[in-house]
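Reading the structure
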There are 2 protein chains.
Amino acid sequence: MEKLLDALKALSDETRLRILNLLYEKELCVCDIMEALQISQAKASRHLIYLKNAELVKDRKHAQWVYYSMALDERMKFMDSLVYDNLRNLELYQNDLQNLKDWLKRKNIKCD
Amino acid sequence: MEKLLDALKALSDETRLRILNLLYEKELCVCDIMEALQISQAKASRHLIYLKNAELVKDRKHAQWVYYSMALDERMKFMDSLVYDNLRNLELYQNDLQNLKDWLKRKNIKCD
DNA sequence: CTCATATATTCGCTTAAGCGATTATATGAG
DNA sequence: CTCATATAATCGCTTAAGCGAATATATGAG
């Protein structure tokens with residue numbers, strides 16, 4: 001079966017792990033990801049599409065934004081352990097979350 | 001952190017998943033793997049070394065044989081779900097287990 | 001020592017991944 | 001319509017993965 005293998009391939013890249021770590025918090029648009037991870041737009045978009053093809057995330061279009069969020073089926077329940085027992089213990093991923101938080105705050109202030 | 005990522009990269013290849021599925025049953029030597037999966041010796045050896053470098057398995061030499069077995073630390077506990085909730089539901093991996101069983105039986109008869 | 005068996009390593013090749021830079025497309029604002 | 005913003009897609013390049021075939025190494029048997 002291909003589906004599981006596709007999901008695991010999607011998990012074998014650090015940028016994608018960093019993205020999943022953020023999406024585990026909440027639904028985000030591409031520009032949130034680029035800002036939080038400080039990566040290029042093309043890179044963020046590419047990896048998000050990769051994750052979508054692997055059926056780990058789903059997307060939702062609204063105006064000119066595309067919002068991505070986790071889309072885990074029953075089989076992928078091991079993802080919880082991966083994120084909470086592993087990623088969240090690592091400095092890089094903690095920093096990413098903090099950067100996301102800071103960025104969302106700035107973004108909201110801008111919109112006021 | 002590199003270690004988790006190395007482990008995940010190790011999980012992103014079907015042959016290595018098939019090997020892990022077998023090692024989840026019991027400690028095996030390289031030739032058991034080649035026979036059960038019907039793959040070449042070089043291929044079995046290469047992937048086992050890959051898994052060892054990723055610290056998912058450990059090896060033990062005895063005479064001319066090298067025995068490999070699972071070596072999961074606390075962080076890798078999601079592997080249980082991966083194997084039992086996913087791999088073991090798939091025909092390919094079930095067949096591999098049956099082939100292993102058959103091979104071990106033949107092997108023992110030969111040794112009598 | 002010599003041979004057979006088990007395993008690891010190397011080589012050359014092919015294919016896939018990831019990347020930056022650029023371009024294309026879609027949407028909303030004015 | 002025109003412009004700015006958000007996202008996706010393409011191109012060319014570089015590097016990594018995986019493979020089969022062949023060779024090397026280690027161990028036990030006799």
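Here goes a summary of the coordinates provided. (Residues numbered from 1 in each chain as written. Chains lettered and ligands numbered in written order. Predicted model: local features only at pLDDT ≥ 70, side-chain atom pairs only at ≥ 80, totals over all residues. Heavy atoms only, no water.)

Comments concerning the pattern of salt bridges
Residue and element names in this part refer to chain A.
- If you walk through the whole model with that rule in mind, you get 20 salt bridges over all chains.
- The shortest N-O distance in the salt bridge between Glu 25 and Arg 88 comes to 3.0 Å. Of this pair, Glu 25 sits in the loop between helix H2 (14-23) and strand S1 (28-29) while Arg 88 sits in the loop between helix H5 (78-86) and helix H6 (91-111), and the two are 63 residues apart along the sequence.
- Among the residues examined, Glu 25 registers a relative accessible area of 47% and is labelled partly exposed.
- The salt bridge partner of Lys 61 is Asp 59, with a shortest N-O separation of 3.8 Å.
- Look at Lys 61 and you get exposed, because its relative accessible area is 63%.
- The partly exposed category is assigned to Asp 59, whose relative accessible area is 24%. (Salt bridge = Lys/Arg side-chain N within 4 Å of Asp/Glu carboxyl O. Helix = DSSP H or I, 4+ residues; strand = E, 2+ residues; numbered from the N terminus. Buried < 20%, exposed > 50% of the residue type's maximum accessible area, 1.4 Å probe, protein only.)

Some thoughts on unusual backbone geometry
- Although it is not a glycine, Glu 55 of chain A adopts a positive phi angle of roughly 65°.
- One can find Glu 55 of chain A in the loop between helix H4 (41-53) and strand S2 (57-62).
- Positive phi, close to 55°, is recorded for Ala 63 of chain B, a residue that is not glycine.
- Looking at the secondary structure, you find Ala 63 of chain B in the loop between strand S2 (57-62) and strand S3 (65-70).

Overview of the protein's contact with DNA strand C
- Around DNA strand C, a shell composed of 20 residues is seen, among which His 47 of chain A together with Cys 31, Gln 41, Ser 45 and Tyr 68 of chain B lie nearest.
- Here a base oxygen of DNA strand C and a side-chain polar atom of Arg 46 of chain A are 3.1 Å apart.
- Take the surface near DNA strand C: its biggest share by element is five residues, from helix H4 (residues 41-53) of chain B.
- By residue class, the composition of the surface near DNA strand C is 10 nonpolar, five polar and five charged. (Near = heavy atom within 4 Å. Polar contact = N/O pair within 3.5 Å; in protein donor to acceptor, adjacent residues only side chain to side chain. Nonpolar A, V, L, I, M, F, W, Y, C, P; charged D, E, K, R; others polar.)

Focus on the sheet that holds S1 of chain A
Residues and elements named next belong to chain A.
- Pairing in this open sheet of three strands is antiparallel, and the strands run S1-S3-S2 from one edge to the other. The strands lining the two open edges of the sheet, one partner per strand, are S1 and S2.
- In terms of strand pairing, S1 meets strand S3 (residues 65-70) through two bridges, oriented antiparallel. Across the sheet, Cys 29 pairs through a bridge with Tyr 67, a residue of S3.
- Each of S1, S2 and S3 is contacted by H2, which is oriented at about 90° to S3, the strand it contacts most.
- Where H4 meets the sheet, its contacts fall on S2 and S3, and the angle it forms with S2 comes to roughly 120°. (Pairing = 2+ DSSP bridges. Contact = heavy atoms within 4.5 Å. Axes fitted to C-alpha atoms, helices over the stretch in contact; angles between N-to-C directions.)

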